[in-house]
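Tertiary structure, described
Each chain, written out:
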There are 2 protein chains.
Amino acid sequence: MASFRQLWHWLQTATEDAEADAGAAVVEEVVVLPPRPTHPYYPEDVSIPGYAPNELPVPVLIAALGGMLGFALLGSSIVALRVNPALTRSSLAVFCWFMLCGCLHCFFEGYFVLNHATVASSQSLPAQLWKEYALSDSRYLTSDFFVLSVESITVLLWGPLCFLCALTTALPRSPLRHPLRIAACMAHLYGVALYYATSLCELYYAGRPHSRPEPLYFWGYYVGFNLPWVVVPLLVLADSFATVTSALRALDRVGGALDGFWSREGRPTTGGEEEPKKTR
Amino acid sequence: MASFRQLWHWLQTATEDAEADAGAAVVEEVVVLPPRPTHPYYPEDVSIPGYAPNELPVPVLIAALGGMLGFALLGSSIVALRVNPALTRSSLAVFCWFMLCGCLHCFFEGYFVLNHATVASSQSLPAQLWKEYALSDSRYLTSDFFVLSVESITVLLWGPLCFLCALTTALPRSPLRHPLRIAACMAHLYGVALYYATSLCELYYAGRPHSRPEPLYFWGYYVGFNLPWVVVPLLVLADSFATVTSALRALDRVGGALDGFWSREGRPTTGGEEEPKKTR
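Residues numbered from 1 in each chain as written. Chains lettered and ligands numbered in written order. Predicted model: local features only at pLDDT ≥ 70, side-chain atom pairs only at ≥ 80, totals over all residues. Heavy atoms only, no water.

Further remarks concern the confidence of the model for chain A. All names here are of chain A. Summing up the model confidence of chain A, the mean pLDDT is 83 and the portion of residues at 70 or higher is 82%. Model confidence for chain A, summarised as mean pLDDT per element, is weakest for helix α2 (residues 19-30) at 49 and strongest for helix α6 (residues 145-170) at 95. Note on residues 17-25: pLDDT is under 50 here. Beyond four places in sequence and across chains, it has 1 contact. Here residues 270-280 is a poorly scored stretch, pLDDT under 50, and it has 20 contacts once near neighbours within four places are set aside; other chains count. (pLDDT = per-residue confidence, 0-100. Helix = DSSP H or I, 4+ residues; strand = E, 2+ residues; numbered from the N terminus. Contact = heavy atoms within 4.5 Å.)

Take a look at the structure:
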């Protein structure tokens, strides 16, 4: 019960307006408080050795990341449309989604996996972006074993898988497209589910939040920035399930019709092409 | 480097013969050692309040679990063969695999999720099985947040998904069979990868092993008991990928042939049945 009260109190704080914080800053000057932590991350007693505050303002960081990603997506879309001019709008959107995922996984998260021990003290662009994001999840600055494991697997496996999904989407008539999409979407959905679950589990059972309680960080960064990896994979998964089941059903019907035809007409002995693999 | 030496030392111990332990027990009586932990789990300083040693011997525990699972598989196989007498041997094997997974996820792991706080002190059959397994991974007795999260998701999502895979395997001509199998196999593969990665990450970076170093526990329980969830999903995944891509390719060929036919003969205006969903 105690842990539930703690969780409830923390969530209430997280949903309150940021106004309260402005008031608290004034009180702080009057009341004698214990020494302030040397960093802005939660839980306040977490150790982040060598932490150096960001030098660049947030809009500049976001514009830099957005600019690079936008450039990568635009460039790859132009190439994709040259390779396959018949690419529909929805296919182009799926292509862009998987290119975005591949770039984030291999480069942005790849930087984290290679430099997780020095991110807190670094002033490189990706390090500053990670420090800003870590306001909503300090595990990114403490080399948390779960975060390090999930990010390593994401960089090594899911990044290349996303690029493969983008490639098979751009190529005309690739039959690997849908099974690969199902695999990638499952990886994203499970990854996000575990990412949310481990953090909320620690908040519930140990009363230790990893996010600052301001709505911007909890709802904006922690929930909001990860939510697309729930919504989009669910949509793509539903589409791929529909396509694959529809194709298997259609093939079963064609097979049934041909069986009826061959039983009347006699099956040709030199068919040339091999039969497609049975679906059972 | 220090952590790498620790890891190397621990792995050497884990691969040595169990003979060394017998020798160590003799030495222990002569040399004055720090107080022994009140439990047999690693790391030795981990707190497991209320731990009560198992009352049943290991062969009895394993026989009990094996008996129950065998009974469930035999019963469900008989039902499956009544529902679909044309079920091939390989389909029956896949059916049994997913039934086994579903039972373990929903009942054995479900027990853990509901009782994780009291497993260490309980003498129920599943609790004793979990205490035996925890010799290879003490996180199951410490309500570790990652283990609790991964097990909760497994019980709530992957258990029912496995039963659905078994059902669609048993039913004749279910087109949902292969997409569902791809989803379940990805869940198993990612789950095991993270399970191994988080534990080995902590061993490498913090030098904290969760498994006793004897080969039986590390190689037998920790590696061996989880390895089937790498090998079988890889095989099933490869088969489902082959079937789905083969079906999509065959359908594309049929579609191309029909397009050629319709362009010569004129497409009928009252087709009756709707066309299958385009695969692009």
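On we go from here.
Taken together, the contact between chain A and chain B spans 54 residues of the former and 54 residues of the latter. Across the chain A to chain B interface the summed buried area is about 5,100 Å²; carbon plus sulfur atoms make up 71%. Taken together, chain A and chain B are joined by 2 salt bridges. Between A:Asp252 and B:Arg173 there is a salt bridge, with the nearest N and O atoms lying 3.3 Å from each other. Across the chain A-chain B interface, the total number found is 10 residue pairs in polar contact (both at pLDDT 80 or more). Broken down by secondary-structure element, the contributors of at least two residues to the side of chain A that touches chain B are α6, α7 (177-206) and α9 (228-265) of chain A. (Buried area = accessible area lost by both parts, 1.4 Å probe. Salt bridge = Lys/Arg side-chain N within 4 Å of Asp/Glu carboxyl O. Polar contact = N/O pair within 3.5 Å; in protein donor to acceptor, adjacent residues only side chain to side chain.)

It is possible for side chains of opposite charge to pair when their charged atoms get near one another. With the rule as written, the count across this model stands at 12 salt bridges over all chains. The partner of A:Arg181 in a salt bridge is A:Asp239, and the shortest N-O contact between them spans 4.0 Å. One end of the pair, A:Arg181, is in helix α7; the other, A:Asp239, is in helix α9, and 58 residues separate them in sequence. One salt bridge in this structure joins B:Glu202 and B:Arg208, with 3.4 Å as the shortest N-O distance. Taking relative accessible area as the criterion, B:Arg208 reaches 31% and is therefore assigned partly exposed. Overlapping salt bridges bring together A:Asp45, A:Glu202 and A:Arg208 as one network. (Buried < 20%, exposed > 50% of the residue type's maximum accessible area, 1.4 Å probe, protein only.)

All right, on to the packing of helix α3 (residues 58-83) of chain A against helix α5 (residues 125-133) of chain A then. Residue and element names in this part refer to chain A. Running from N to C, α3 and α5 point in directions that differ by 120°, and their axes come no closer than 10 Å. Considering the angle they form, α3 stands oblique to α5. Crossing of α3 over α5 shows left-handed handedness. Facing α3, whose interface residues are Val58, Leu61, Ile62, Ala64, Leu65 and Met68, α5 presents Leu125, Gln128, Leu129 and Glu132. (Axes fitted to C-alpha atoms, helices over the stretch in contact; angles between N-to-C directions. Parallel < 35°, antiparallel > 145°, perpendicular 65-115°, else oblique. Left-handed = near helix turned anticlockwise from the far one by under 90°.)

Under the UniProt annotation, the feature "transmembrane region" (unreviewed entry) is placed at residues 60-80, 92-114, 145-167, 179-198 and 218-238 of chain A. Secondary structure within residues 145-167 of chain A divides into 100% helix and 0% strand; the distance between the first and last C-alpha atoms comes to 32 Å. (UniProt positions renumbered as here; feature names shortened; annotations may be inferred.)

A separate point is the environment of B:Glu132. Residue and element names in this part refer to chain B. Mapped onto the secondary structure, Glu132 falls in helix α5 (residues 125-133). Note on Glu132: relative accessible area 13%, which makes it buried. Spatially, the C-alpha atoms of Glu132 and Leu104 are 16 Å apart, while their sequence positions differ by 28 residues. Beyond its immediate stretch of four places on either side in the chain, Glu132 contacts Asn54, Val58, Leu61, Tyr217 and Tyr221. A polar side-chain atom of Glu132 sits 2.5 Å from a polar atom in the side chain of Tyr221.

Attention shifts here to the environment of A:Leu189. All names here are of chain A. Looking at the element boundaries, Leu189 is found in helix α7. Note on Leu189: relative accessible area 17%, which makes it buried. Taking the C-alpha atoms as reference, Leu189 lies 9.5 Å from Val232; in sequence the two are 43 residues apart. Once you skip the residues sitting within four places of it in the chain, Leu189 turns out to touch Trp229, Val230, Pro233, Leu234 and Leu237.

Following the UniProt record, the feature "domain: EXPERA" (unreviewed entry) maps to residues 90-237 of chain A here. Taken as a whole, residues 90-237 of chain A contains 75% helix and 0% strand, while its terminal C-alpha atoms sit 14 Å from one another.

All names here are of chain A. Under the criterion given, the structure shown has 38 aromatic pairs over all chains. Ring geometry for Tyr196 versus Tyr222: centroids 5.4 Å apart, planes at 70°, classification edge-to-face. With Tyr196 in helix α7 and Tyr222 in helix α8 (residues 215-224), the pair connects residues that are 26 residues apart, well separated along the chain. Neither residue differs from the other here; Tyr196 and Tyr222 are each classed as buried. One aromatic cluster is present, built from ring pairs that chain together Phe108, Phe112, Trp130, Tyr133, Tyr140, Tyr195, Tyr196, Phe218, Trp219 and Tyr222. (Phe/Tyr/Trp six-rings, centres within 6.5 Å; stacked < 30°, edge-to-face > 60°.)

A separate point is the relation of the copies chain A and chain B. Take chain A, turn it by 180°, move it 0.0 Å along the axis, and it overlays chain B with an RMSD of 0.0 Å. Put plainly, the chains are arranged around a two-fold axis. Mapped onto chain B, 100% of the interface residues of chain A are again interface residues, and the two copies thus contact each other with one and the same surface. (Least-squares fit on C-alpha atoms with pLDDT ≥ 70 in both.)

Taking 1.5 Å of rise per residue, the 27 residues of helix α4 (residues 89-115) of chain B would be expected to cover 39 Å, and the 38 Å separating its terminal C-alpha atoms lies within 8% of that figure. Within α4(B), the axis deviates most sharply at B:Glu109, by approximately 35°. (Expected span 1.5 Å × (residues − 1). Bend = angle between axes of the 7 residues up to and from the residue.)

It is worth spelling out the packing of α7(A) against helix α9 (residues 228-265) of chain B at this point. Relative to each other, α7(A) and α9(B) sit at 140°, their axes nearing to 8 Å. Classified by the angle between their axes, α7(A) and α9(B) sit oblique to one another. Contacts between α7(A) and α9(B) pair A:His178, A:Pro179, A:Leu180 and A:Ala183 from the former with B:Phe241, B:Val244, B:Thr245 and B:Leu248 from the latter. Of the residues belonging to the contact of α7(A) with α9(B), the class tally is 6 nonpolar, 2 polar and no charged. (Nonpolar A, V, L, I, M, F, W, Y, C, P; charged D, E, K, R; others polar.)

Attention now goes to the nonpolar core. One finds A:Phe98 and B:Phe98 to be the most contacted residues of the largest nonpolar core, which totals 140 residues. Apart from the residues within four sequence positions on either side, B:Phe98 is in contact with B:Cys162, B:Cys165, B:Ala166, B:Arg181, B:Ala184, B:Cys185 and B:Val236. (Core = buried A, V, L, I, M, F, W, Y, C linked by side-chain atoms within 4.5 Å.)

Quick look at the environment of B:Trp97 now. Residues and elements named next belong to chain B. Looking at where Trp97 falls in the secondary structure, it is placed in helix α4. The sequence separation of Trp97 and Ala166 amounts to 69 residues, and the corresponding C-alpha distance is 8.0 Å. Setting aside chain neighbours within four positions, we find Trp97 in contact with Pro228, Trp229, Val232 and Pro233.

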